[in-house]
Amino acid sequence: VQLQASGGGLVQAGGSLRLSCAASEGTLSGYSVGWFRQAPGKEREFVAAIKRSGGATYYADSVKGRFTISRDNAKNTVYLQMNSLKPEDTAAYYCAADRSLITSSMSNGDHYHYWGQGTQVTVSS
């Protein structure tokens, strides 16, 4: 499967953005999908994930209550709705997918086989 992330941009603190992760050459409903982010000079960090079967969702503590991950199988797309954005959310955001992830692996980027290119999110104060 090939992944295409989009939807990033410049937004003021408190604003919202919706990121999209669209799949080609594959059906995304057969994959667990995660969002990760990386700010300059920092390690990549887990943001959110949605499981292949059942659609269980997982969030980093730093975004819980502000971000929502969801999928639209008809559009072969996974979304990350980001509300109440903060300057510390500024980063390049990447979506990733894998067919075979157990719950304990959902937040570990090393376990995802397929990655999209990043989309930049910049939150101004």
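Residues numbered from 1 in each chain as written. Predicted model: local features only at pLDDT ≥ 70, side-chain atom pairs only at ≥ 80, totals over all residues. Heavy atoms only, no water.

Undergrad: Explain the pairing of strand β11 (residues 119-124) here, please?
TA: Across a regular strand the side chains alternate sides, sitting on one face of the sheet and then on the other. The side-chain alternation of β11 yields one buried face, formed by Thr 119, Val 121 and Val 123, and one unburied face, formed by Gln 120, Thr 122 and Ser 124. In terms of strand pairing, strand β2 (residues 9-12) meets β11 through four bridges, oriented parallel. Bridged to Gly 9 within β11 is Val 121. Note that strand β9 (residues 91-98) and β11 share three bridges and pair antiparallel. When the sheet's bridge partners are listed, Tyr 93 is paired in β11 with Thr 119. (Buried < 20%, exposed > 50% of the residue type's maximum accessible area, 1.4 Å probe, protein only. Helix = DSSP H or I, 4+ residues; strand = E, 2+ residues; numbered from the N terminus. Pairing = 2+ DSSP bridges.)

Undergrad: Even after reading the chapter, I still don't get unusual backbone geometry, so can you show me in this structure?
TA: Negative phi values dominate among residues other than glycine, just as trans dominates among peptide bonds. Phi angles above zero are rare outside glycine, and Glu 25 is one such case at about 55°. Mapped onto the secondary structure, Glu 25 falls in the loop between β3 (17-24) and β4 (32-38). Look at Glu 25 and you get exposed, because its relative accessible area is 66%. You will see that Ser 84, though not glycine, has its phi angle at about 50°, which is positive.

Undergrad: Is there a simple way to think about the pattern of salt bridges in this case?
TA: Pairing between side chains becomes possible if they bear opposite charge and their charged atoms approach one another. Applying the stated criterion across every chain, the model contains five salt bridges. Measuring nitrogen to oxygen at the nearest pair gives 2.9 Å for the salt bridge that ties Arg 37 to Asp 89. Placement of Arg 37 in strand β4 and of Asp 89 in the loop between β8 (77-82) and β9 is noted, with a sequence separation of 52 residues between them. We classify Arg 37 as buried; its relative accessible area is 5%. With its nearest N and O atoms 2.8 Å apart, the salt bridge here joins Asp 89 to Arg 66. Taken together, the residues span a long stretch of sequence, with Asp 89 in the loop between β8 and β9 and Arg 66 in the loop between β6 (57-59) and β7 (67-72) at a distance of 23 residues. For the pair Asp 89 and Arg 66, one class covers both residues: buried. Here the salt bridges share partners, and the residues they tie into one network are Arg 37, Glu 45, Arg 66 and Asp 89. (Salt bridge = Lys/Arg side-chain N within 4 Å of Asp/Glu carboxyl O.)

Without other data, these values stay purely geometric and don't point to any function.
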